[in-house]
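Close look at the chain arrangement
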Amino acid sequence: MERIVLEGGRRLNGRVKVSGSKNASLPIMAACLLVDGPCDIENVPRVKDLQTMCQMLRLLGATAEYQGQILHIDPAKFSDQIAPYELVKTMRASIYVLAPLLARFGNARVALPGGCAIGLRPIDQHLKGLKCMGAEVVMEHGYIHAHAPHGLQGAEIYLDVVSVGATVNIMLAAALAKGKTIVEHAACEPEIIHLAGFLNALGAKVQGAGTSRIVIEGVTHLSPVPHRIIPDRIEAGTLAIAAAITRGDIIIDDFPMEDLTALERKFVEAGIVIEPVDRNSVRVYRKDENLASVDIVTQPFPGFPTDLQAQWMALMCFAPGRAVITETIWENRFMHVAELKRMGADIQIEGNSAMVKGGRVLSGAPVMASDLRASAALILAGLMAEGETRVSRIYHLDRGYEHLEQKLAALGAKIRREPDPGI
Ligand code: UD1
């Protein structure tokens, strides 16, 4: 195993480019299984979760190979194989293959994902949607066995909770279903709009993506088109916070400003400037020497993203004053608090809120990453802590960030990856 070792106290300076979005790539890769031919997908980041998705597509008979910067996905030999627990447990978004299997074969056997460090992660809304469309679903031996003997039919589906994953699975199922599907209380995330754009380019009929009501008119086939993945809004936000924490001054290219409005507003309140330098680039720096403490509440889009909550907490450790951070999406997403406290942070948890008393000097320490975004938060805190921070269990980071430590090093951080002798 590997760890990241960093020496705090260096201001970041320079220019950095955001990679393609992991969470936008996953639905697109699943959607490729619905197409009557191969698709070339550009800007897919080389991160572990997407390698796992490639593995899943291959297990199901499809081709998924990188050709230079392009991921080539050919579903010609896609077949109704089992999506096994060994893969699903390492990456819950592999549940996205459920809808394509059902749509193409009327039959799907996919392992139940189970929970993870940040929460229970139920899939009841995915199944509710598919059942409304005519699927029969039984759970057996830890597997979902879904069966649509008469094919999938368009339906009116009301989601009880706003779920990105359920909205994706229903859109994928509805694209080739008979008739019209209406999803009410749908997720509005940029990744949903991106998926709708891809499906429509393939010949699907999807309207309303980005609002809470999505209407999909089923079509009989989808024709291949090349596609480019949008930049990763969470990586972009993480890099911007890195600049703010270190009193740096950086330019971020491929910054998806429209997808980060909530973060931008909170930056203004905290005294961080984020200004456009040209169409897709921004400059980030602190307006004043001190940061202001700013509360956040995580919410579905366009609210403050839960995937930036841990990073915001790291930032607030350096803001003199009190900031209350409330997590409403995942019930167990404060695992980074104990590790930040090991670095000297003053944080108290009460229910689903954490109160950060910021402005103390953090000291570098050996810490352990508990999940993907927590690992980024620990690195951010380490960038401004006194002395050396060693972040272990870095495989969490590698699930979703492409070369984060190399990007930070290029901006002037003293950071390296090395084998972890402890594990
Ligand atoms: C996606 C993102 C993840 C992000 C999350 C919320 C991907 C691969 N992952 O996860 O990084 O943190 O959105 O923005 O894109 N829920 C149910 N029943 C369901 C499905 C979800 O109760 O059937 C609940 C979940 O427990 C959670 C909330 O709904 O409390 C949001 O979950 P969801 O939007 O589905 O998250 P994911 O799609 O898994």
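A brief look at the structure comes next. Keep in mind the model is a prediction, meaning the values are calculated, not measured. Here the residue numbers are simple positions, counted from 1 along each chain's written sequence. Since the coordinates come from a predicted model, pLDDT governs what is reported: local features require at least 70, and pairs of side-chain atoms require 80 or more to be given and counted, while whole-chain, interface and lining totals use all residues. Each side-chain value is worked out from all heavy atoms of the structure, with water and hydrogens disregarded.

1. Description of the overall build of the protein chain
Applied cut-off: By definition, any uninterrupted DSSP run of H or I lasting at least four residues is a helix, any uninterrupted run of E lasting at least two residues is a strand, and each is numbered from the N terminus. The size measure is the radius of gyration over C-alpha atoms, and the globule rule it meets is 2.2 Å times the number of residues to the 0.38 power. Only protein chains enter the accessibility calculation, which uses a 1.4 Å probe. A residue is then buried if its area is under 20% of the maximum for its type, exposed if over 50%, and partly exposed in between. In what follows, residue pairs with any heavy atoms lying within 4.5 Å of each other are defined as contacts. Accessible surface area values rest on a Shrake-Rupley calculation with a 1.4 Å probe, where residue burial reflects the displayed protein chains alone. Two residue types count as positive, namely Lys and Arg, and two as negative, namely Asp and Glu; His and chain ends fall outside the count. Here the site of a charge means atom NZ of a Lys, CZ of an Arg, CG of an Asp or CD of a Glu.
Scanning the protein chain for helices and strands turns up 14 helices and 23 strands. Against the globule reference of 22 Å for 423 residues, the protein chain gives a C-alpha radius of gyration of 22 Å, in line with a compact fold. Structurally, the protein chain occupies a C-alpha span of about 65 × 45 × 45 Å along its principal axes. Within the protein chain, the proportion of its 423 residues that are buried is 57%. Considering only contacts within the protein chain whose residues lie at least 6 apart along the sequence, 73% involve residues at least 24 apart. Of the roughly 16,500 Å² of accessible surface on the protein chain, a fraction of 50% belongs to carbon and sulfur atoms. Placing the 44 positive and 47 negative side-chain charges of the protein chain at their respective mean positions leaves the two points 2 Å apart.

2. Things to note about the packing of aromatic side chains
To be explicit about the condition: Between rings of Phe, Tyr and Trp, where Trp is taken as its six-membered ring, a pair exists when centres lie within 6.5 Å; planes separated by under 30 degrees are stacked, by over 60 edge-to-face, and by other angles tilted.
The final tally for this structure, using the stated rule, is three aromatic pairs. Seen in terms of ring centroids, Phe267 and Trp312 are 6.1 Å apart; in terms of plane orientation they differ by 25°. Their pairing is stacked. Separated by 45 residues along the polypeptide, Phe267 in helix α9 (residues 261–270) and Trp312 in helix α10 (residues 309–316) bring together distant segments of the chain. Side by side, Phe267 and Trp312 carry an identical accessibility label, which is buried. For the ring pair Phe304 and Trp312, a centre distance of 5.7 Å and an interplane angle of 70° mean the geometry is edge-to-face. Of the residues examined, Phe304 reaches a relative accessible area of 5% and is grouped as buried. Each residue in the set Phe267, Phe304 and Trp312 is aromatic and connected to the rest through ring pairs, giving one cluster.

3. A few points about the site of the ligand
Which entries qualify depends on this criterion: The near set for a molecule or strand comprises every residue that places at least one heavy atom within 4 Å of it. We define a polar contact as two N or O atoms separated by no more than 3.5 Å, with the added condition that, inside protein, one atom must be a possible hydrogen donor and the other a possible acceptor, whereas residues neighbouring each other in sequence contribute only through side-chain atom pairs. In this classification, the charged set is Asp, Glu, Lys and Arg, the nonpolar set is Ala, Val, Leu, Ile, Met, Phe, Trp, Tyr, Cys and Pro, and all remaining amino acids, among them Gly, are polar. Note that domain bounds follow an automatic or database assignment of domains.
In the neighbourhood of the ligand, 19 residues make up the surrounding shell, with Asp124, Gln125, Ser163, Asp307 and Ile329 lying closest. At 3.2 Å from an oxygen atom of the ligand is found a side-chain nitrogen or oxygen belonging to Asn23. Between an oxygen atom of the ligand and a main-chain N or O atom of Ile329, the distance comes to 2.6 Å. For the ligand, whose unbound accessible area comes to 740 Å², protein coverage reaches 82%. Looking at the shell around the ligand, the elements that each hand over two or more residues are α1 (22–31), α5 (124–132) and α6 (164–175). Broken down by element, the shell around the ligand gets its largest block of residues, three residues, from α5. Along the lines of polarity and charge, the residues of the shell around the ligand split into nine nonpolar, six polar and four charged. Residue contributions to the shell around the ligand reach at least three from each of two domains, namely domain 1 (2–19 + 231–419) and domain 2 (22–228).

4. Considerations on the environment of Gly8
Within the secondary structure, Gly8 is located in the loop between β1 (2–7) and β2 (13–17). Each C-alpha atom, one on Gly8 and one on Arg213, is 46 Å from the other, the two residues being 205 residues apart in sequence. Setting aside anything within four residues of it in sequence, one finds Gly8 in contact with Gly382, Leu383, Met384, Ala385 and Gly387.

5. Some thoughts on the pairing of strand β20 (residues 353–358)
Heads up, the rule is: Only strands that DSSP links by at least two bridges are regarded as paired with each other.
As paired elements, strand β18 (residues 321–326) and β20 share six bridges and run antiparallel to each other. Across the sheet, the residue bridging to Gly321 is Gly358, located in β20. Where strand β19 (residues 346–350) lies against β20, five bridges are found, and the strand directions are antiparallel. Pairing of Glu350 across the sheet is with Ser353, part of β20. Connecting β19 to the next strand, β20, in antiparallel fashion are two residues, including Gly351 with a positive phi near 60°.

6. A look at the pattern of salt bridges
Close approach of charged atoms allows side chains of opposite charge to pair. Selection criterion: We define a salt bridge as a contact between a side-chain nitrogen of Lys or Arg and a carboxyl oxygen of Asp or Glu at a distance within 4 Å.
Throughout the structure, instances matching the rule amount to 24 salt bridges. One salt bridge in this structure joins Glu191 and Arg233, with 2.8 Å as the shortest N-O distance. Taken together, the residues span a long stretch of sequence, with Glu191 in helix α7 (residues 190–202) and Arg233 in helix α8 (residues 233–245) at a distance of 42 residues. Assessed through its relative accessible area of 10%, Arg233 is described here as buried. The shortest N-O distance in the salt bridge between Glu269 and Lys266 comes to 3.5 Å. Placement of the pair is Glu269 and Lys266 together in helix α9, with a separation of three residues, close to one helical turn.

7. What to know about the state of the cysteines
As a reminder of what qualifies: Cysteine sulfur pairs qualify as disulfides if the two atoms are within 2.5 Å.
Under the defined criterion, the tally for this structure stands at zero disulfides. Between Cys132, a cysteine without a disulfide, and Cys188, which holds the nearest cysteine sulfur, the sulfur-to-sulfur distance is 19 Å.

8. Details of the sheet that holds strand β9 (residues 156–158)
Cut-off, in case you're wondering: Inter-axis angles, ranging from 0 to 180 degrees, are taken between N-to-C directions of lines fitted to C-alpha atoms, where helices are fitted over the stretch in contact.
Taken together, the four strands give an open sheet; going across it, the order is β9-β10-β12-β11, and neighbouring strands pair in mixed fashion. Of all the strands in the sheet, the pair left with one neighbour each is β9 and β11 (205–207). Strand-to-strand twist of the sheet, defined as the mean angle between neighbouring strand axes without regard to direction, takes the value 15°. Across three bridges, β11 lies against strand β12 (residues 213–217) in antiparallel orientation. Directly across from Val206, in β12, lies its bridge partner Ile216.

9. Some thoughts on the side chain of Asn169
Among the structural elements, Asn169 can be located in helix α6. A polar contact is formed between the side chain of Asn169 and the backbone nitrogen of Ala99, at a distance of 3.3 Å. With near-sequence residues (within four places) excluded, Asn169 lies in contact with Ile95, Tyr96, Leu98, Ala99, His126 and Leu130.

10. Brief notes about α8
For clarity, the threshold we go by: One less than the residue count of a helix, multiplied by 1.5 Å, gives the span that helix is expected to have.
Relative to the 18 Å expected for 13 residues at 1.5 Å per residue, α8 spans 18 Å between its end C-alpha atoms, a close match to the ideal helical length. The element α8 is extensively covered by neighbouring structure, given that 13 of its 13 residues are classed as buried. Two to three positions downstream of the cap, the backbone nitrogen of Ile234 sits 2.9 Å from a side-chain oxygen, assigning the N-cap of α8 to Asp232.

By themselves, these figures tell us nothing about what the structure is for.
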